[in-house]
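Each chain is listed here by its residues.
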Amino acid sequence: MIDEFAKQYLHDDLREAREAVLEKLDGLDEYSVRRPLTATGTNLLGLVKHLALWETRYLGEVFGRPFPEPLPRWDDLEARGRDFWATPEETRTEIVARYRRVAEHSDATIDALDVDAPGHVPWWPRPDVLLFNVMVHVLTETNRHAGHADILREQLDGATSAPSRDSEFWTARYAEIERAATAAR
């Protein structure tokens, strides 16, 4: 049985995951938060922009509670993928503020609906869903991208959410892992 405890548990975890993503931007300059760090162009600010867009869809449109700001349609093939990076005209402040507004809107949806409230996700193979299903999906995606953000941030300046260790510890750990990888060849 899915109950209000489960709903609150998922909601609390979603709030924490959102903050974890935003914390990865702290202390970085504009170039660093925007620069592509993988072959596909993944970058920190793009992850925030992407999460904002899709959270508005999942915890807004899906439950008949559209976000009050304009969004590209989910089936607009021309717009697909543009949510993963910020244009020069979009500011970090603007994107982060939008993500926070999206979070408020999503939180209001979660608070207003029962955990078994019905929704409709037209792009899913089984489109009829419950709030519970969508909360699990949004939490999973947010945590997935928080993990990406952890790795990107570590690539940029070595900052991690790992327990505090000095550089000697991490140099030794790296060498130990490299030796294990070499031995496994």
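Residues numbered from 1 in each chain as written. Predicted model: local features only at pLDDT ≥ 70, side-chain atom pairs only at ≥ 80, totals over all residues. Heavy atoms only, no water.

J.: Any details on the environment of T109? Residues and values, ideally.
T.: For T109, the position within the fold is in helix α4 (residues 92-112). With a relative accessible area of 0%, T109 lands in the buried category. With 105 residues separating them in the primary sequence, T109 and E4 have C-alpha atoms 14 Å apart. Apart from residues lying up to four places away in sequence, T109 is in contact with L59, F63 and R65. At 2.9 Å, the side chain of T109 and the backbone oxygen of L59 are in polar contact. (Helix = DSSP H or I, 4+ residues; strand = E, 2+ residues; numbered from the N terminus. Buried < 20%, exposed > 50% of the residue type's maximum accessible area, 1.4 Å probe, protein only. Contact = heavy atoms within 4.5 Å. Polar contact = N/O pair within 3.5 Å; in protein donor to acceptor, adjacent residues only side chain to side chain.)

J.: Could you give an account of the packing of aromatic side chains, naming the residues involved and the relevant values?
T.: Under the counting rule described, the total for this entry stands at 6 aromatic pairs. Here the aromatic rings of W54 and Y58 are separated by 5.9 Å at their centres, their planes lie at 40°, and the arrangement is tilted. With W54 and Y58 both in helix α3 (residues 44-58) and 4 residues apart, the pair spans about one turn of that helix. Of the residues examined, W54 reaches a relative accessible area of 22% and is grouped as partly exposed. Residue classification places Y58 among the buried positions, given a relative accessible area of 7%. Between F169 and W170, the aromatic rings sit 4.9 Å apart at their centres with planes inclined by 85°, giving edge-to-face as the arrangement. Residue classification places F169 among the partly exposed residues on the basis of a relative accessible area of 23%. Of note, R57 hangs over the ring of W54, and the distance from its end group to the ring centre comes to 4.5 Å. (Phe/Tyr/Trp six-rings, centres within 6.5 Å; stacked < 30°, edge-to-face > 60°. Lys NZ or Arg CZ within 6 Å of the ring centre and 35° of its normal.)

J.: An account of the pattern of salt bridges is requested, with residue identities and associated values reported.
T.: Charged atoms that come close allow side chains of opposite charge to pair. Considering all chains together, one arrives at 15 salt bridges under this definition. Of the charged contacts in the structure, one is a salt bridge between E90 and K49, with a shortest N-O distance of 2.8 Å. Residue E90 is found in the loop between α3 and α4, and its partner K49 is found in helix α3; the two are separated by 41 residues along the sequence. You'll find E90 and K49 in the same group, each marked buried. (Salt bridge = Lys/Arg side-chain N within 4 Å of Asp/Glu carboxyl O.)

J.: Provide a residue-level description of the nonpolar core, including the pertinent values.
T.: The biggest cluster of nonpolar side chains holds 22 residues, and the ones touching the most others in it are L22, L25, L44, L45, V48 and Y99. Breaking this core down by element, the ones donating at least two residues are α1 (4-23), α3, α4 and α5 (131-157). Ranked by residue count, the leading element in this core is α3, at 6 residues. Residues contacting L44, with those up to four places away along its chain left out, are K24, L25, L28, V33, A149, L152 and L156. In terms of nonpolar packing, the next biggest core, distinct from the first, is built from 17 residues, Y58, F63, I110 and V134 among them. (Core = buried A, V, L, I, M, F, W, Y, C linked by side-chain atoms within 4.5 Å.)

J.: Could you give me a rundown of the layout of surface pockets, with the residues and numbers involved?
T.: Empty space within the second largest pocket amounts to approximately 160 Å³. Around the second largest pocket sit H50, L51, W54, E55, Y58, H137, V138, E141 and T142, which together line it. Broken down by secondary-structure element, the contributors of at least two residues to the lining of the second largest pocket are α3 and α5. Element by element, the count of residues in the lining of the second largest pocket is highest for α3, at 5 residues. (1 Å grid on protein atoms, 1.4 Å probe; cavity = no way out; pocket = protein on both sides within 12 Å on 5 of 7 lines; lining within 4 Å. Points joined across faces, edges and corners; volume = space filled by probe spheres on them.)

J.: Outline the environment of E94, supporting the account with residue identities and numerical values.
T.: With respect to the element layout, E94 can be found in helix α4. Among the residues examined, E94 registers a relative accessible area of 34% and is labelled partly exposed. Considered as a pair, E94 and V33 are 61 residues apart in the sequence and their alpha carbons are 14 Å apart.

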